[in-house]
Amino acid sequence: MALIEMSGVSKKFHRSTTALRDISVSVDQGEFVYIVGPSGAGKSSFIKLLYCEEKISSGSLHVGEFNLAKMKKRQVPMLRRSIGVVFQDYKLLPKKTVFENVAFAMEVIGEKRRNIKKRVEEVLDLVGLKHKARSFPNQLSGGEQQRVAIARAIVNNPKLLIADEPTGNLDPEISMEIMQVLERINLQGTTVLMATHNSQIVNTLRHRVIAIEDGRLVRDEEEGEYGYND
Ligand code: ADP
């Protein structure tokens, strides 16, 4: 069943820049997809459309039961509950502990305290950071901070996990560890969509590859290669 259904989607910024042109693509529940392409190709724009950070200019886009072309502002929080997002720079709250950073994502949607404790411990265990629950972000390595960000992104059981260059600030070995976490989450049924410039990862841990160049979808391959020399 399709989780993401994009048909003839274009995205223009201020009438002048066209970031995406006539993109049609479908992603099923449970898939793992890499989004690749040169800088400025439109990868981030593609990702931002999915969680309604930006609106499509034309075409149609469905994510789960949501029709994103017709979303009202007040419906956006509901969509975002079904999507977890991880960024290159972690974006943790510096004055909260690891536990509190992850718990916060459940508090804002009104979860009960008892459920929060159990679930936060569960996801910290999943990302291998149970022993750092009381640490603050500045006491953690980059790889550990990214694990916290991933735990926070999945704590509310999203259908879709979006990762925008999640290994961009990490060395190769730590990047592979982060990938193992993402693959584990994918094996539990969560769809993972990851924009990346990391050729080693794409060429080693094979998954579907969607390539975007100059706003166009130019390649869509099962177990594809990275395909660029950068
Ligand atoms: P990538 O993530 O592949 O590097 P982006 O999606 O960030 O590419 O950018 C695609 C194009 O859209 C670029 O030409 C970029 O300058 C432009 N762009 C992205 N965001 C904005 C914005 N908020 N306003 C205007 N232009 C933008």
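Predicted model, so just to flag it, every value in this text is computed and none were measured. (Residues numbered from 1 in each chain as written. Predicted model: local features only at pLDDT ≥ 70, side-chain atom pairs only at ≥ 80, totals over all residues. Heavy atoms only, no water.)

Trainee: Could you clarify how one ought to interpret the packing of helix 3 (residues 98–107) against helix 5 (residues 142–154) in this entry?
Mentor: Axis angle and axis distance: for two packed helices, these are the angle between their axes and the distance between the axes, and together they describe the pair. Their axes nearest at 8 Å, the elements helix 3 and helix 5 cross at an angle of 25 degrees. Between helix 3 and helix 5, the crossing angle belongs to the class labelled roughly parallel. Here helix 3 and helix 5 pass one another in a crossing that is right-handed. Contact residues: Val98, Asn101, Val102 and Ala105 in helix 3; Val148, Ala151 and Arg152 in helix 5. A breakdown of the residues in the contact of helix 3 with helix 5 according to their chemical character gives 5 nonpolar, 1 polar and 1 charged. (Axes fitted to C-alpha atoms, helices over the stretch in contact; angles between N-to-C directions. Helix = DSSP H or I, 4+ residues; strand = E, 2+ residues; numbered from the N terminus. Parallel < 35°, antiparallel > 145°, perpendicular 65-115°, else oblique. Left-handed = near helix turned anticlockwise from the far one by under 90°. Contact = heavy atoms within 4.5 Å. Nonpolar A, V, L, I, M, F, W, Y, C, P; charged D, E, K, R; others polar.)

Trainee: For this particular structure, what's the right way to read the pattern of salt bridges?
Mentor: Where charged atoms from two side chains of opposite charge approach closely, those side chains can pair. This structure, assessed with the given rule, holds 13 salt bridges. Among the ionic pairs, Lys11 bridges to Glu54, the shortest N-O distance being 3.6 Å. Of the two residues, Lys11 is situated in strand 1 (residues 2–13) and Glu54 in the loop between helix 1 (43–50) and strand 4 (58–63); the sequence distance between them amounts to 43 residues. Owing to a relative accessible area of 24%, Glu54 belongs among the partly exposed residues under this scheme. For Glu122, the salt bridge goes to Arg119, with nearest N and O atoms at 2.7 Å. Here the residue Glu122 and the residue Arg119 both occupy positions in helix 4 (residues 113–126), the gap between them amounting to 3 residues, near one helical turn. The exposure class assigned to Arg119 is buried, which follows from its relative accessible area of 15%. Here the salt bridges share partners, and the residues they tie into one network are Arg21, Asp214 and Arg216. (Salt bridge = Lys/Arg side-chain N within 4 Å of Asp/Glu carboxyl O. Buried < 20%, exposed > 50% of the residue type's maximum accessible area, 1.4 Å probe, protein only.)

Trainee: I would appreciate a short explanation of the site of the ligand in the present structure.
Mentor: The environment of the ligand is formed by Phe13, His14, Thr17, Ala19, Pro38, Ser39, Gly40, Ala41, Gly42, Lys43, Ser44 and Ser45. Measuring from an oxygen atom of the ligand, one finds a backbone N or O atom of Gly40 at 2.7 Å. Protein chains shield 64% of the accessible area of the ligand, which is 560 Å² for the free molecule. Broken down by element, the residue count for the shell around the ligand peaks at 3 residues, all from helix 1. By residue class, the composition of the shell around the ligand is 4 nonpolar, 7 polar and 1 charged. (Near = heavy atom within 4 Å. Polar contact = N/O pair within 3.5 Å; in protein donor to acceptor, adjacent residues only side chain to side chain. Areas by Shrake-Rupley, 256 points an atom, 1.4 Å probe, with all protein chains shown as cover.)

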